[in-house]
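Spelled out from the first residue to the last, the chains are:
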Amino acid sequence: MRTPLVMGNWKLNGTKDSVTALVNDLLQPANEAAPKAEVAVCAPAVFIGMVEQLASSSKLQWGSEDCDIHTQGAFTGENSPVMLREFGCTYAIVGHSERRDYHKESSEYVAQKYKAAQENGLIPVLCVGESEADFDAGRTMDVVREELKAVIDLCGIKSFEKAVIAYEPIWAIGTGKTATPEIAQKVHQDIREYLASFDAEVAAGVRILYGGSCNAKTAPDLFSQKDIDGGLVGGASLKAADFAAIIKAAVDNA
Ligand code: PEP
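Read on for a plain summary of the structure. (Residues numbered from 1 in each chain as written. Predicted model: local features only at pLDDT ≥ 70, side-chain atom pairs only at ≥ 80, totals over all residues. Heavy atoms only, no water.)

Another point: the overall build of the protein chain. Summing up its helical and strand segments, the protein chain has 11 helices and 8 strands in all. Over its C-alpha trace the protein chain gives a radius of gyration of 17 Å, about what one expects of a compact globule, namely 18 Å for 254 residues. Each principal axis of the C-alpha atoms in the protein chain carries an extent, and together these give about 45 × 45 × 35 Å. In the protein chain, which comprises 254 residues, the proportion classed as buried is 51%. Here the analysis covers contacts within the protein chain between residues at least 6 apart in sequence; of these, 73% occur between residues at least 24 apart. Working note: accessible area of the protein chain is about 11,200 Å², and carbon and sulfur atoms make up 51% of it. Of the side-chain charges in the protein chain, 24 are positive and 35 negative, and the distance between the mean point of each set is 2 Å. (Helix = DSSP H or I, 4+ residues; strand = E, 2+ residues; numbered from the N terminus. Rg over C-alpha atoms; globule rule 2.2 N^0.38 Å. Buried < 20%, exposed > 50% of the residue type's maximum accessible area, 1.4 Å probe, protein only. Contact = heavy atoms within 4.5 Å. Areas by Shrake-Rupley, 256 points an atom, 1.4 Å probe, with all protein chains shown as cover. Lys, Arg positive; Asp, Glu negative; His and termini not counted. Charge placed at Lys NZ, Arg CZ, Asp CG, Glu CD.)

In structure tokens form, the structure reads like this:
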């Protein structure tokens, strides 16, 4: 039995005022979603302490948008998984396509981030997904398998007992082009089958979120698919009413 998870990814957005208003508006939807569905927001590192203060007595969980492979030392500008944990983070997104692209993060490097997050008490949210060219060429699962295999090689298949996967087709992120429920379901099913070739029990238990222009309109059909366990939501997670509607879709399909 997989509990659906709806997670916001704020990216590089927010002010003290907007974060305060947004988190306050999400406390009730998150409280009401429990225990049927879980709700989390992943915030820019500078806001994580604020989110902790605002949300700590609620069911709303929070996390970081990335984390470093090191826990401390001379790594200017990085965020340690130990520090993130100290500020109450439950999750750390790793391998978001924007970081793989703009920061040239390889699958092996992402796997090291996943490992560092997990070893320090965070649940890594491993983002995988193909470019439009790979989608058009039918190479989706070649890309996704390579991204998953790097983690399996470094951390083992059992590590997915304490991780979340987010399938995010790059062509759908921030473009308004949501993958159809059928396309998304097929990839989620293929991901589960690939993991099952290593360990069927782990594959059946891991939550696989869909991400890519998921919004209040598209979430109900996406979340009704049998291998889609919720969403990783960018743009629509910045508006409380839209995000609350997505949370409701997860609850309705739990
Ligand atoms: C994301 O960046 O993780 C994402 C899914 O963005 P959007 O919902 O805006 O496409």
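So, about empty space enclosed by the protein. Inspection of the entire model under this criterion finds 1 cavity of 30 Å³ or more. When its volume is computed, the largest cavity comes out at roughly 40 Å³. For the largest cavity, the full set of lining residues is G95, H96, S97, R100, C127, V128, G129, E147 and E168. Broken down by secondary-structure element, the contributors of at least two residues to the lining of the largest cavity are α4 (97-102) and β5 (123-128). Residues of the lining of the largest cavity, tallied by class, amount to 2 nonpolar, 4 polar and 3 charged. (1 Å grid on protein atoms, 1.4 Å probe; cavity = no way out; pocket = protein on both sides within 12 Å on 5 of 7 lines; lining within 4 Å. Points joined across faces, edges and corners; volume = space filled by probe spheres on them. Nonpolar A, V, L, I, M, F, W, Y, C, P; charged D, E, K, R; others polar.)

What the rule picks out here adds up to 20 salt bridges. A salt bridge links E38 to R207; its shortest N-O distance comes to 3.4 Å. Here the residue E38 occupies a position in strand β2 (residues 38-43), and R207 occupies one in strand β7 (residues 207-211), the gap between them amounting to 169 residues. Between R99 and E105 there is a salt bridge; the shortest N-O distance is 2.9 Å. What makes R99 partly exposed here is its relative accessible area of 22%. Classification of E105 as buried rests on a relative accessible area of 7%. The network of salt bridges with shared partners includes R2, R192, K226, D227 and D229. (Salt bridge = Lys/Arg side-chain N within 4 Å of Asp/Glu carboxyl O.)

Moving on, we get to the nonpolar core. Grouped together as the largest cluster of nonpolar side chains are 69 residues, with contacts concentrated most on L148, F160, I191, L195 and F223. Apart from residues lying up to four places away in sequence, F160 is in contact with Y114, L126, L148, V151, I152, I165, L195, V202 and V206. Residues C127, A166, L209 and L232 belong to the second largest nonpolar core, which totals 12 residues. (Core = buried A, V, L, I, M, F, W, Y, C linked by side-chain atoms within 4.5 Å.)

As a further point, take the layout of surface pockets. Estimated volume of the largest pocket: approximately 570 Å³. Considering the residues around the largest pocket, the lining is formed by 21 residues, among which L12, P44, E65, D66 and R99 are closest to the centre. Counting only elements with at least two residues in the lining of the largest pocket, the list comes to α2 (45-55) and α4. By residue number, the principal contributor to the lining of the largest pocket is α4, which donates 3 residues. Partitioned by chemical class, the residues of the lining of the largest pocket number 8 nonpolar, 6 polar and 7 charged. When its volume is computed, the second largest pocket comes out at roughly 240 Å³. Taken together, 19 residues make up the lining of the second largest pocket; nearest its centre are G174, S213, C214, G234 and G235. In terms of residue class, the lining of the second largest pocket is built from 5 nonpolar, 12 polar and 2 charged.

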